[in-house]
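What follows is each chain in one-letter form.
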Amino acid sequence: RDVSGRWAVAPVRIIRFCALAAHTRIAPMEEFVTPESPALYSATTMEEHLRVTVENLLAGRGAWDSETDASATATYDHAAARSRDEL
């Protein structure tokens, strides 16, 4: 922040899940999800998050979407992927 208390540049927000047990559920907190502020990522587990991230990286899909200039992993729809995997 500058001396006026404003950000000199826009802050960068990232989602980071560190050192959680494999079965730990990761999901937006319901009290913060509203029609005006919808969930920005789908519920998953630490194990699934790591598996999907590594699979995507090994397949040449990086964690950053340069077309949208945003995190590809932050918006990954785990529920939709699970549905596809179950078919």
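1. Considering the overall build of the protein chain
Next up, step 1: Along the backbone of the protein chain there are 2 helices and 4 strands.
Next up, step 2: Summarising the internal contacts of the protein chain: among those between residues at least 6 apart in sequence, 43% fall at separations of at least 24.
Next up, step 3: Of the roughly 7100 Å² that the protein chain leaves accessible, carbon and sulfur atoms contribute 58%.

2. Notes on the pattern of salt bridges
Next up, step 1: The final tally for this structure, using the stated rule, is 2 salt bridges.
Next up, step 2: A salt bridge links Glu 48 to Arg 51, with the shortest nitrogen-to-oxygen separation between them at 3.9 Å. Within this pair, Glu 48 and its partner Arg 51 are both found in helix α1 (residues 46-58), separated by 3 residues, close to a single helical turn.
Next up, step 3: For Arg 51, a relative accessible area of 35% puts it in the partly exposed group.
Next up, step 4: When the shortest N-O distance is used, the salt bridge between Arg 51 and Glu 55 registers 3.1 Å. A residue pair is termed a helical-turn pair when its members lie 3 or 4 positions apart in one helix, as Arg 51 and Glu 55 do in helix α1 at 4 residues.
Next up, step 5: Residue class for Glu 55 comes out partly exposed when judged on its relative accessible area of 40%.

3. Considering the side chain of Thr 44
Next up, step 1: On the secondary structure map, Thr 44 appears in strand β2 (residues 44-45).
Next up, step 2: Look at Thr 44 and you get buried, because its relative accessible area is 4%.
Next up, step 3: Side chain to side chain, Thr 44 and Glu 48 meet in a polar contact 2.5 Å long.

4. Quick word on the environment of Ala 72
Next up, step 1: Summarising the element assignment, Ala 72 is placed in the loop between β4 (70-71) and α2 (78-86).
Next up, step 2: For Ala 72, a relative accessible area of 26% corresponds to the partly exposed category.
Next up, step 3: Distance from Ala 72 to Arg 61, taken between C-alpha atoms, is 8.8 Å for residues 11 residues apart in sequence.
Next up, step 4: Once you skip the residues sitting within four places of it in the chain, Ala 72 turns out to touch Gly 62, Ala 63, Trp 64 and Asp 65.

5. Observations concerning α1
Next up, step 1: Over its 13 residues, α1 extends 18 Å from the first C-alpha to the last, a length consistent with the 18 Å expected when each residue adds 1.5 Å.
Next up, step 2: Of the positions making up α1, those classed as buried are Met 46, Glu 48, His 49, Val 52, Thr 53 and Asn 56. What you see down the axis of α1 is that its buried residues fit within an arc of 165°, all on one side. Across from the buried face of α1, at angles greater than 90 degrees, the exposed residues are Glu 47 and Leu 58.
Next up, step 3: Remark: Gly 60 follows α1 within two positions and exhibits a positive phi of approximately 85°.

Basis of the calculations
Residues numbered from 1 in each chain as written. Predicted model: local features only at pLDDT ≥ 70, side-chain atom pairs only at ≥ 80, totals over all residues. Heavy atoms only, no water. Helix = DSSP H or I, 4+ residues; strand = E, 2+ residues; numbered from the N terminus. Contact = heavy atoms within 4.5 Å. Areas by Shrake-Rupley, 256 points an atom, 1.4 Å probe, with all protein chains shown as cover. Salt bridge = Lys/Arg side-chain N within 4 Å of Asp/Glu carboxyl O. Buried < 20%, exposed > 50% of the residue type's maximum accessible area, 1.4 Å probe, protein only. Polar contact = N/O pair within 3.5 Å; in protein donor to acceptor, adjacent residues only side chain to side chain. Expected span 1.5 Å × (residues − 1). Arc of directions from axis to C-beta.

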